[in-house]
Amino acid sequence: MSTDEVFGSLVDQMFALHDRVRSELRALCGEIGLTDAQIGVLWRMAAEQGRDVTAGQLADRLGVDASTVTSLVDRLERHDVIRRVTHPSDRRAKILQLTPLGCELHDRIGDYRRHGSPFAALTPAEQQQLHELLSRALGTRAQPVVTSHEQQSGGQG
C-alpha cells in the first residue's frame, strides 16, 4: 500500500471504530434513550466519581460551554442518571452525582470497556502500544496503562 492508501485506510478504520463503539454504547444505554453527548457526560461523571464536581468544572473537563453541560445535565436528571446536590461548603454551588441508575449504567459501560469493546481483543501490550500511538497522533502525552492485575499486586505486574 502507498502512504496515501495507508493514511486513507487508517482514517476509514478510525471512523468505523468510532461508529462501532458509539453504536454499542448506545445499545448499552438504549432502554432509557441517552444520546451520544449524554453518554459522554455519564462517562466523564464516572471518571470523577468520588470527587465533588460542578457543572462548570465538568464543562471545563469536556471542553464545552457551561450552558451545554447544564442542558445535558438537565436531561440526564430527568432520566434519573445524575442528581444535583448542595455543595457542603458553598450553598450556592451544586455538585453533580451519579444516581443508582447512573452507577448501574457506568458499570455496564465499564464491563463493555473491559470485555466487549474492540480493544478487549488486544493483548495488554497491544493496548499499551495502541494507546501510545493514538496519543502521539493526537499530540497528547500517553499515560502508562496499569492493568487490573498490576493494581491488585501494587504495580508488580
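Our subject in this report is the structure included herewith.

Definitions and limits used
- Residues numbered from 1 in each chain as written.
- Predicted model: local features only at pLDDT ≥ 70, side-chain atom pairs only at ≥ 80, totals over all residues.
- Heavy atoms only, no water.
- Helix = DSSP H or I, 4+ residues; strand = E, 2+ residues; numbered from the N terminus.
- Buried < 20%, exposed > 50% of the residue type's maximum accessible area, 1.4 Å probe, protein only.
- Contact = heavy atoms within 4.5 Å.
- Salt bridge = Lys/Arg side-chain N within 4 Å of Asp/Glu carboxyl O.
- Core = buried A, V, L, I, M, F, W, Y, C linked by side-chain atoms within 4.5 Å.
- Patch = residues over 30% accessible without salt bridge, like charges linked within 9 Å, V, L, I, M, F, W, Y side chains within 5 Å.
- Areas by Shrake-Rupley, 256 points an atom, 1.4 Å probe, with all protein chains shown as cover.

Re the overall build of the chain
- Within the chain one finds 7 helices and 2 strands.
- Along its sequence from the N terminus, the chain presents helices and strands in the succession α-α-α-α-β-β-α-α-α.
- Classification of the 157 residues of the chain by burial places 23% in the buried group.
- A separation threshold of at least 6 residues defines the contact pool for the chain, and within that pool the share at least 24 residues apart is 42%.

Details of the pattern of salt bridges
- Within this structure, the stated rule accounts for 9 salt bridges.
- A salt bridge links Asp-36 to Arg-22; the shortest N-O distance between them is 3.4 Å. Of this pair, Asp-36 sits in helix H2 (residues 36-48) while Arg-22 is found in helix H1 (residues 3-28), placing the two residues 14 residues apart along the sequence.
- For Asp-36, a relative accessible area of 30% corresponds to the partly exposed category.
- Note that Asp-36 and Arg-26 form a salt bridge whose closest N and O atoms lie 2.9 Å from each other. Of this pair, Asp-36 sits in helix H2 while Arg-26 sits in helix H1; the two residues are 10 residues apart in sequence, bridging distant segments of the chain.
- Several salt bridges share partner residues, and in doing so they unite Asp-19, Arg-22, Arg-26 and Asp-36 into one network.

Some remarks on the nonpolar core
- Of all hydrophobic cores here, the largest spans 23 residues; its most connected members are Leu-42, Met-45, Ile-82 and Leu-96.
- Counting only elements with at least two residues in this core, the list comes to H2, helix H3 (55-62), helix H4 (66-78), strand E2 (94-98) and helix H5 (100-116).
- Among the elements that line this core, the one with the most residues is H2, at 5 residues.
- Ignoring anything within four residues of it in the chain, the contact list for Leu-96 reads Met-45, Val-53, Thr-54, Ala-55, Leu-58, Val-73, Ile-82, Arg-83 and Arg-84.

Some remarks on a nonpolar patch on the surface
- Residues Met-1, Val-6 and Leu-10 make up a contiguous nonpolar surface patch of about 320 Å² in total accessible area.
- Tracing the backbone through its elements, the reader meets Met-1 in the segment before H1.
- Owing to a relative accessible area of 74%, Met-1 belongs among the exposed residues under this scheme.

A word on the environment of Leu-34
- Along the chain, Leu-34 turns up in the loop between H1 and H2.
- Counting along the chain gives 45 residues from Leu-34 to His-79, while the straight-line C-alpha distance between them is 8.4 Å.
- Setting aside its immediate chain neighbours within four residues, Leu-34 contacts Arg-26, Cys-29, Ile-39, Leu-42, Leu-76, His-79 and Leu-105.

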